[in-house]
Amino acid sequence: MRLLIMGPQGVGKGTQASLLSKHFNIPAISTGDIFRFNLKNQTELGKKVQAYLDRGELVPDELTNSIVKDRLAQDDAKNGWILDGYPRNASQVQALDAMLEELETPLDHVVALEAARSVLLERMKKRAAEEGRSDDTPEVIEKRLQTYEKETAPLLDIYESRGQLVSVNGVGEINDINQQIIESLS
Ligand code: AMP
């Protein structure tokens, strides 16, 4: 199973990606997590991406695409994967298309999780208090939502037109949402 999980910040992509990862026994790959890990460990990559994450801006495509390409080529990704937080703009869609063509592994579905802006803001505020993520300040949260609406939301139309899009309500019990996603994939 090869899946994308898409939706705005705070909609629960990470939570659902990790449940789907267990269900299908495939890795959940989050570009945001990869960047945060490198930031925390102050690697070369971490230093390069710090300013973008701090400002809530997208990391340059070249860097992001090459990270995803390397990750998809790893052994544990042979039988499938869930990509969380990638692609995030039209040029990343093209880059992913090229990677998958090269690997000869087509995408199965794109799951779009949906929630109202007010719900997203509430959840992100809560997460900021719990996890202390440096990019969960009110200004950066606002910026990230704007970037999502402008750059990423239009990508759903692309996957819809390819007949790959499955939309699921992201508000409710975590396990119920997970069940709905799984049912919509069969
Ligand atoms: P996330 O946890 O997915 O919200 O990602 C946190 C931050 O990492 C984003 O605000 C961006 O700065 C960066 N990031 C994550 N994924 C991508 C991507 N596909 N393209 C560019 N930047 C990304």
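Anything mentioned here points back to the structure above.
These numbers were taken from a predicted model, which means no experiment stands behind them.

1. Some remarks on the overall build of the protein chain
Next up, step 1: Of regular secondary structure, the protein chain possesses nine helices and five strands.
Next up, step 2: Moving toward the C terminus, one meets the helices and strands of the protein chain in the order β-α-β-α-α-α-β-α-β-α-α-α-β-α.
Next up, step 3: In terms of overall size, the protein chain behaves like a compact globule, its C-alpha atoms giving a radius of gyration of 16 Å where 186 residues would be expected to give roughly 16 Å.
Next up, step 4: Seen through its C-alpha atoms, the protein chain measures out along the principal axes to roughly 40 × 40 × 30 Å.
Next up, step 5: For the protein chain, the residues scored as buried account for 45% of the 186 residues in total.
Next up, step 6: Sequence-distant contacts in the protein chain: of pairs separated by 6 or more residues, those separated by 24 or more amount to 73%.
Next up, step 7: Total accessible area on the protein chain is roughly 9800 Å²; 49% of this is exposed by carbon and sulfur atoms.
Next up, step 8: Looking at charge distribution, the protein chain has the averaged site of its 22 positive side-chain charges lying 4 Å from that of its 30 negative ones.

2. Examining unusual backbone geometry
Next up, step 1: Cis geometry is found at the peptide bond from tyrosine 86 to proline 87, where omega equals 0°.
Next up, step 2: For proline 87, the location among the structural elements is in the loop between strand S3 (81–84) and helix H5 (90–103).
Next up, step 3: Of note in the backbone geometry, glutamine 42 takes a positive phi value of approximately 50° without being a glycine.
Next up, step 4: Note on placement: glutamine 42 falls in the loop between helix H2 (31–40) and helix H3 (44–55).

3. Some remarks on the site of the ligand
Next up, step 1: Close contacts around the ligand come from 18 residues, with Thr31, Arg36, Glu57, Gly85 and Gln92 the closest.
Next up, step 2: Within the contact set of the ligand, a nitrogen atom lies 2.9 Å away from a backbone nitrogen or oxygen of glycine 85.
Next up, step 3: In this structure, glutamine 92 approaches the ligand through a side-chain N or O atom, which is 2.9 Å from a nitrogen atom.
Next up, step 4: Within the complex, the protein chains bury 96% of what would otherwise be the 480 Å² of accessible surface of the ligand.
Next up, step 5: Those elements that place two or more of their residues in the shell around the ligand are H2 and H3.
Next up, step 6: With four residues, H2 is the largest single contributor of residues to the shell around the ligand.
Next up, step 7: Grouping the constituent residues of the shell around the ligand by class yields six nonpolar, six polar and six charged.

4. Thoughts on the nonpolar core
Nonpolar side chains in soluble globular proteins tend to end up buried together.
Next up, step 1: Judged by nonpolar contacts, the single largest core of 22 residues is most densely connected at Leu4, Leu72, Trp81, Leu83, Leu96 and Tyr159.
Next up, step 2: Looking at this core, the elements that each hand over two or more residues are strand S1 (2–6), helix H4 (61–72), S3, H5, strand S4 (109–114) and helix H8 (155–161).
Next up, step 3: The greatest single-element share of this core, amounting to five residues, is contributed by H5.
Next up, step 4: Excluding its chain neighbours within four sequence positions, the residues that come into contact with tyrosine 159 are Leu4, Met6, Pro87, Val93, Leu96, Leu107, Val110, Gln164 and Leu165.
Next up, step 5: Counting residues in each nonpolar core, the second largest holds 19 residues, with Leu20, Ile82, Leu113 and Ile141 among its members.

Rules used throughout
Residues numbered from 1 in each chain as written. Predicted model: local features only at pLDDT ≥ 70, side-chain atom pairs only at ≥ 80, totals over all residues. Heavy atoms only, no water. Helix = DSSP H or I, 4+ residues; strand = E, 2+ residues; numbered from the N terminus. Rg over C-alpha atoms; globule rule 2.2 N^0.38 Å. Buried < 20%, exposed > 50% of the residue type's maximum accessible area, 1.4 Å probe, protein only. Contact = heavy atoms within 4.5 Å. Areas by Shrake-Rupley, 256 points an atom, 1.4 Å probe, with all protein chains shown as cover. Lys, Arg positive; Asp, Glu negative; His and termini not counted. Charge placed at Lys NZ, Arg CZ, Asp CG, Glu CD. Near = heavy atom within 4 Å. Polar contact = N/O pair within 3.5 Å; in protein donor to acceptor, adjacent residues only side chain to side chain. Nonpolar A, V, L, I, M, F, W, Y, C, P; charged D, E, K, R; others polar. Core = buried A, V, L, I, M, F, W, Y, C linked by side-chain atoms within 4.5 Å.

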